[in-house]
Amino acid sequence: MVPAPRYDVLELKYGDGTPAVLRHVDGSGFAYYQSGRKAICITSFGRDGKGKVRRFAAIVHGDGARSPVLAAFDEWGRGYADGQMNPGDCQQPKLLIGESSLTVVDGGGRATDVPVANHKNRRVQGDATGGSTEVSLRLNQCVSLQHQRGRSTLNFSSGGVQHSFVLGELQGEEVLGMPAPTTVSLAEETMKRIGEATSTLDGVR
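A. Inspection of the overall build of the protein chain at higher detail. Helix and strand counts for the protein chain stand at one helix and 15 strands. Here the protein chain holds 205 residues, and the buried ones make up 37% of them. For the protein chain, restricting intrachain contacts to residue pairs at least 6 apart in sequence, the fraction spanning at least 24 positions comes to 39%.

Structural data, given as structure tokens:
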């Protein structure tokens, strides 16, 4: 028996009706720049005993003709992000998240390692090693990355539309920003279809 979806489809649009964020019932989907190019591709992995999605991976693209990759994270939240250069920077700032440490490279090329105990991008207690670490990195005008208490989140903001994508493994939590499913009983759906068929037949007669 196929389990019922835990969420409804999420569809956010810009003022002109073009898509901004589209996520399917499992939380996978896309965020789009106003240009129509894909900004974020989010992929879901696994289910727990209650049908909740376990993990999320993501790729972030720039809003350019060749859609350059700005960040990539696997389903465990491990990966990298290239930030937006600021005045005075000699290179793009970077953020690398590994199995047991987080490395921040500033615009001058100086690297700082921050140990994070067994995080695997999971939510950890504030008194754990590295548990209180908070790092933010702006990838471009529309996308930023925040890493706090072992959890990474991509924040998308474009044309008045805002949405957040949590990365890595969820600990039984609901997927942030996803709407509850619209419940339609079988009887209601059947009666609706019968009514539509009857109207069609009446029109033929």
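B. Structural detail: the packing of aromatic side chains. According to the stated counting rule, one finds one aromatic pair in the structure shown. Look at F30 and Y32: their rings are 6.0 Å apart centre to centre, the planes differ by 40 degrees, and that puts the pair in the tilted class. The ring of F56 carries R23 above its face, with NZ or CZ at 5.6 Å from the centroid. Taking the ring centre of W76 as reference, the NZ or CZ of R55 above it sits at 4.7 Å.

C. Representation of the pairing of strand β9 (residues 101-105) within the structure. Sheet topology note: the strand β8 (residues 94-97)/β9 ladder contains four bridges and is antiparallel. In the sheet register, I97 faces β9, and the bridge partner there is L102. Hairpin geometry of β8 and β9 is characterised by an intervening segment of three residues between the two adjacent antiparallel strands. In terms of strand pairing, β9 meets strand β10 (residues 111-115) through five bridges, oriented antiparallel. The partner of V104 across the bridge, within β10, is T112. Linking β9 to β10, which pair antiparallel, is a turn of five residues; within it G109 sits at a positive phi near 90 degrees.

D. Spatial organisation of the sheet that holds strand β14 (residues 161-166). Ordered by their spatial adjacency, four strands build an open sheet running β11-β12-β13-β14, and the pairing between neighbours is antiparallel. The open sheet terminates on both sides in strands that have one partner only, identified here as β11 (134-138) and β14. Neighbour-to-neighbour, the strand axes of this sheet turn through a mean angle of 15 degrees, independent of strand direction. With six bridges connecting them, strand β13 (residues 151-158) and β14 associate as antiparallel partners. Along β14, the bridge assignment pairs N155 with S164.

E. The arrangement of the pattern of salt bridges in detail. Counted under the stated rule, the structure contains eight salt bridges. Of the charged contacts in the structure, one is a salt bridge between D63 and R37, with a shortest N-O distance of 3.0 Å. With D63 in the loop between β5 (53-61) and β6 (69-73) and R37 in the loop between β3 (29-32) and β4 (38-47), this pair connects stretches of sequence that are 26 residues apart. Judged by relative accessible area, which is 31%, R37 ranks as partly exposed. For D82, the salt bridge is made with K94, and the minimal N-O distance between the two is 2.9 Å. Of this pair, D82 sits in strand β7 (residues 79-82) while K94 sits in strand β8; the two residues are twelve residues apart in sequence, bridging distant segments of the chain. Overall, the relative accessible area of 13% leaves D82 in the buried class. Members of the salt-bridge network, linked through shared partners, are D74, R78 and E99.

What counts and what doesn't
Per-chain numbering applies: the sequence of each chain, read as written, is numbered from 1 onward. Given that this is a predicted model, residues contribute local features only at a pLDDT of at least 70 and side-chain atom pairs are listed and counted only at 80 or more, while totals for whole chains, interfaces and linings are drawn from all residues. The side-chain figures draw on all heavy atoms in the structure; neither hydrogens nor water molecules are used. Strands are runs of DSSP state E lasting at least two residues, helices are runs of H or I lasting at least four, and both sets are numbered from the N terminus onward. Each residue is placed in one exposure class: buried if its accessible area under a 1.4 Å probe, protein chains only, is under 20% of its type's maximum, exposed if it is over 50%, and partly exposed if it falls in between. Any pair of residues with heavy atoms lying within 4.5 Å of one another is described as a contacting pair. Stacked, tilted and edge-to-face are the three classes assigned to paired rings of Phe, Tyr and Trp, where Trp is represented by its six-membered ring and a pair needs centres within 6.5 Å; plane angles under 30 degrees give stacked, over 60 edge-to-face, the rest tilted. Look at NZ for Lys and CZ for Arg. If either is within 6 Å of the ring centre and within 35 degrees of the ring normal, a charge sits over the ring. Strand pairing is assigned whenever DSSP detects at least two bridges linking the two strands. For helices, the fitted axis covers only the stretch in contact; all axes are lines through C-alpha atoms, and the angles between them, taken along N-to-C directions, range from 0 to 180 degrees. Salt bridge criterion: a side-chain nitrogen from Lys or Arg within 4 Å of a carboxyl oxygen from Asp or Glu.

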